[in-house]
Structures are given as C-alpha cells and as structure tokens.
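# Reading the structure
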Amino acid sequence: MGNICHAGPPALGSNAKATAKSKTKSSLSSGSKSTPTFGKDPTLKREDFIFSNIQTASFLAKLPGSINGQQFLIEECHNCDIFLLDHCTSVQIDACVNCRIVVGPCESSVFLRNCKRCTVICAVQQFRTRDCEDVDVYLYSVTDPIIETSSRLRFACFPLTYFSLQQQFRQAKFSPWNNKWSEIFNFTPDHGGWKPLPMHPHASPLADMMPEKENNGARSLWKMPSWTAEELGLSVDLPLLVVPITNGLCARKEDVATVLVCFTVGNNTSDYNDEPTLLIRTRQMQLTEEQASTLFTDNRKLVGKAVESAKSTSGSVMMEFQGPLCYQHINDTLQEARFASDNVTRDASFISEDTTAALRLSDLVFRQWKMVV
C-alpha cells in the first residue's frame with residue numbers, strides 16, 4: 001500500500017537503499033484510481049490505514065496513491081517522523097510525543113488530541129486540537145482552526161510542496177488561496193493561547209529545516225532519506241510552493257499602508273525588496289455581479305470579467321498586502337516587462353486606491369462575504 005517504514009537513523013547501505021528506492025518507485029506508480037469508502041470495501045485492511053504504538057525512533061511514510069481518500073489514524077507514537085503524502089478524508093492523531101508529522105490534503109478534518117512536543121504540517125478543511133501541549137503547526141485550513149484546552153501552540157503558514165500536491169489539492173477541492181491558518185478560534189483562552197512561529201519575508205518557514213547538504217546539494221526533511229525527498233519532489237523553495245506563504249492576521253498592524261489586489265486570473269505578483277511587503281491573507285471567490293460592482297466601482301469591463309470568471313473557474317483571487325512601500329512594490333511589479341506586455345494581466349487586475357479603501361474592501365472580502373465551501 002505504498003508504505004516506507006524505517007526504525008532508527010535513516011542511513012541505508014547501498015543494497016538496502018536500492019531495494020527501498022525500487023519500492024518507492026513502485027509505490028509512487030501504484031494505487032487504485034477508485035475511492036472506496038473505508039470500512040465497506042472488503043479489500044481494504046485496517047492496518048494499512050493506521051500507525052499505532054510505535055515507540056522507537058522511526059521514519060514512516062504513506063506515499064501518493066496509498067491512502068487514496070481514506071481516513072487515517074496515528075496513535076501513541078513516540079519520536080517518529082511520519083509522512084502521509086496523499087489525499088485523505090480525515091486524520092486523527094492521538095497521544096503522540098516528540099513526533100514530526102506531515103499530512104497531505106485532508107478534505108475533512110485533522111484532529112490532534114493529547115499530543116506533546118510535536119510538529120505538524122497539514123492541509124485541511126478543518127483543524128482542531130484538544131488537550132495538546134507544546135506543538136508547532138504549519139497549516140493550510142479552509143475554515144477557522146479550533147483549539148481547546150491546549151497550551152504553548154505555535155502556528156505558521158503551510159510551507160512545503162511535493163510533486164503530487166497540486167493534484168491532491170484538486171482532489172480535495174481546495175483552492176490554495178483560501179488559507180485561514182491565522183484566524184484561530186480558541187474555545188478555552190484561560191487554559192492557554194497560541195503565538196505565531198517566526199516568518200521570513202524571503203523564505204518558507206521550513207527553509208532552515210531543509211538546508212542544502214554539502215557535496216551533492218541534496219536536501220531532505222528530518223529522517224526522510226534525501227533520495228526519497230528528491231523522488232517525491234519535496235521542497236520548500238518559494239517559487240515551487242502550491243500555497244502562497246502568508247504572514248497572517250497576527251502580522252497585521254494598525255496605521256500601516258495597506259493595499260488590496262484582485263485578479264480575475266490567477267497571478268501571484270508579490271514583490272520582495274529590502275523593506276518587505278507582507279502578503280497578509282488571500283482568498284479566491286466566485287464573485288456575484290453585485291460583489292464585483294462593489295469592488296470595481298468604475299470598471300465595468302473588469303466587473304464583466306469577474307462575473308464570467310465565476311461561471312467557468314474557481315473565481316477571482318484577492319490578496320491583501322501590507323508594508324510601508326506596498327503600493328510602490330505592487331505597481332513596480334505590474335510595470336515589469338513580463339506584466340506590462342501582458343494585456344490579459346493588465347486588463348484583469350485591480351489595486352485599491354488607498355489604505356482606507358483597502359481596509360473597507362478587505363473587510364467585505366475576508367469577513368462579510370461568505371465563500372462557498
């Protein structure tokens with residue numbers, strides 16, 4: 001079913017490495033195209049959808065095509081690096097300690113319970129924690145994340161990619177622009193809160209964890225062998241990321257120049273200079289004619305493009321930027337040759353006229369207007 005399991009350090013001998021590499025290739029190409037409901041298909045085995053009671057330091061992986069939209073359970077694992085690099089229905093993570101866990105697009109929920117000193121990277125419809133302590137979360141979440149009776153939680157934007165991730169996002173019906181990782185609801189604020197993990201304007205938050213190794217330039221993450229990471233296309237390089245790195249509402253400040261940018265076609269045009277312009281949040285919506293007219297008051301042509309886009313695509317992309325030079329950076333970017341000569345981009349983009357307008361329109365886009373999930 002596309003497992004890679006390895007206890008102890010990931011170093012392999014040449015014969016073992018070749019054998020494991022062959023298994024990896026086989027796993028990458030395997031996997032049923034159908035999506036049976038777990039528990040009803042007699043060909044599915046429960047043990048293929050659970051990592052349980054693994055107490056020794058291990059590298060455990062489910063490769064693309066091996067979960068195939070089913071639910072998965074991780075419980076009572078200690079000191080493990082766990083990769084679920086496939087499209088899942090739901091994932092429950094219980095009583096894990098000192099584990100580092102990556103979960104691919106999960107169309108329902110990822111629920112952490114009674115976990116301590118863990119790092120979790122996941123893309124989900126809904127993210128929840130209960131009774132957790134000292135956990136780092138790198139998150140893509142379509143809905144507001146929920147934390148309950150948990151303490152010392154730290155959050156950042158979903159920071160990595162691999163070859164199959166974009167396809168898995170489509171399978172889960174996720175838009176990479178609709179990430180609410182920082183819009184966290186804390187049911188029990190008296191029990192403990194959360195804070196943002198450090199963010200770098202020029203790099204993924206995980207960049208320090210995937211440095212280039214000397215000699216061959218190979219990269220890896222945690223206990224995953226570098227050749228496996230290379231085969232999977234595992235990367236934290238900004239130009240390759242499926243989900244744009246946003247700094248979140250926690251980076252938002254009062255009385256700072258703000259700009260709202262809207263494209264009726266998908267182009268991420270953030271520009272990074274010495275004084276960074278921060279991408280705060282993004283949203284992709286199928287705008288109604290009334291909504292488009294509110295955004296693009298004096299541009300009937302753009303209103304028409306937005307309405308037409310809503311009929312045939314996932315809709316228009318909205319991005320909120322902040323920074324002392326945000327207007328200059330955005331306008332300079334659009335004046336670059338690659339955009340200035342592109343009539344499609346030039347005629348299908350909108351920039352708010354000033355900070356007051358940006359804040360008013362951002363409130364509509366990100367708070368008042370509800371997107372269809």
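See the structure shown above.
This text gives an overview of the structure that appears in the document. Only a predicted model underlies this, so the values are computations on that prediction, with no experimental measurement involved.

So, how was this worked out
- Residues numbered from 1 in each chain as written.
- Predicted model: local features only at pLDDT ≥ 70, side-chain atom pairs only at ≥ 80, totals over all residues.
- Heavy atoms only, no water.
- Phe/Tyr/Trp six-rings, centres within 6.5 Å; stacked < 30°, edge-to-face > 60°.
- Helix = DSSP H or I, 4+ residues; strand = E, 2+ residues; numbered from the N terminus.
- Buried < 20%, exposed > 50% of the residue type's maximum accessible area, 1.4 Å probe, protein only.
- Salt bridge = Lys/Arg side-chain N within 4 Å of Asp/Glu carboxyl O.
- Expected span 1.5 Å × (residues − 1).
- Polar contact = N/O pair within 3.5 Å; in protein donor to acceptor, adjacent residues only side chain to side chain.
- Contact = heavy atoms within 4.5 Å.
- Arc of directions from axis to C-beta.
- Core = buried A, V, L, I, M, F, W, Y, C linked by side-chain atoms within 4.5 Å.

For the rest of this paragraph, the subject is the packing of aromatic side chains. In the structure shown here, the tally under the stated rule is 10 aromatic pairs. The interplanar angle of 65° and the centroid separation of 5.2 Å between the aromatic rings of Phe51 and Phe72 together place this pair among those described as edge-to-face. Of this pair, Phe51 sits in strand 2 (residues 50-52) while Phe72 sits in strand 4 (residues 72-75), and the two are 21 residues apart along the sequence. Given a relative accessible area of 5%, Phe51 falls into the buried group. Ring centres of Phe169 and Phe174 lie 5.7 Å apart, and the angle between their planes is 80°; this geometry places the pair in the edge-to-face category. One aromatic cluster is present, formed by Phe59, Phe83 and Trp222 through successive ring pairs.

Any two side chains of opposite charge can pair, on the condition that their charged atoms come close. Inspection of every chain in the model, using the stated rule, returns 13 salt bridges. For Arg130, the salt bridge goes to Asp131, with nearest N and O atoms at 3.9 Å. In this structure, Glu183 and Lys180 form a salt bridge, with 3.9 Å as the shortest nitrogen-oxygen distance. When its relative accessible area of 14% is taken as the criterion, Glu183 is described as buried. Looking at Lys180, the relative accessible area reads 17%, which means it is buried. Each of Asp144, Lys180, Glu183 and Arg283 takes part in one network of salt bridges that share partners.

Here helix 9 (residues 355-368) spans 18 Å end to end across 14 residues, near enough to the 20 Å set by a 1.5 Å rise per residue. Burial in helix 9 covers these residues: Ala357, Ala358, Leu361, Ser362, Leu364, Val365 and Phe366. Sitting at the head of helix 9, Asp354 places a side-chain oxygen 3.3 Å from the backbone nitrogen of Thr356.

Okay, the side chain of Thr161 next. In this structure, Thr161 sits in the loop between strand 11 (151-157) and helix 2 (165-171). Thr161 gets classed as buried once you look at its relative accessible area, which sits at 5%. With residues near it in sequence (within four places) discarded, Thr161 still touches Gly233, Leu234, Ser235, Leu240, Leu241 and Val242.

On to helix 5 (residues 300-312). Helix length check: helix 5, at 13 residues, gives a terminal C-alpha distance of 19 Å against a target of 18 Å (1.5 Å per residue), a fit within 8%. The complete set of buried residues in helix 5 reads Leu302, Val303, Ala306, Ser309 and Ala310. For helix 5, the angular spread of the buried residues around the axis is 125°, confining them to a single face. Exposed side of helix 5, more than 90 degrees from the buried face: Arg300, Lys301, Lys311 and Ser312 are the residues found there.

Time to look at the nonpolar core. Counting residues in each nonpolar core, the largest one holds 70 residues, and the members touching the most others are Phe83 and Val110. Ranked by residues supplied to this core, first place goes to strand 8 (residues 116-130) with seven residues. Excluding residues within four positions of it along the chain, Phe83 makes contact with Phe59, Leu60, Ala61, Lys62, Val102, Leu221, Trp222, Met224 and Leu234. Counting residues in each nonpolar core, the second largest holds 28 residues, with Leu287, Leu295, Phe366 and Trp369 among its members.

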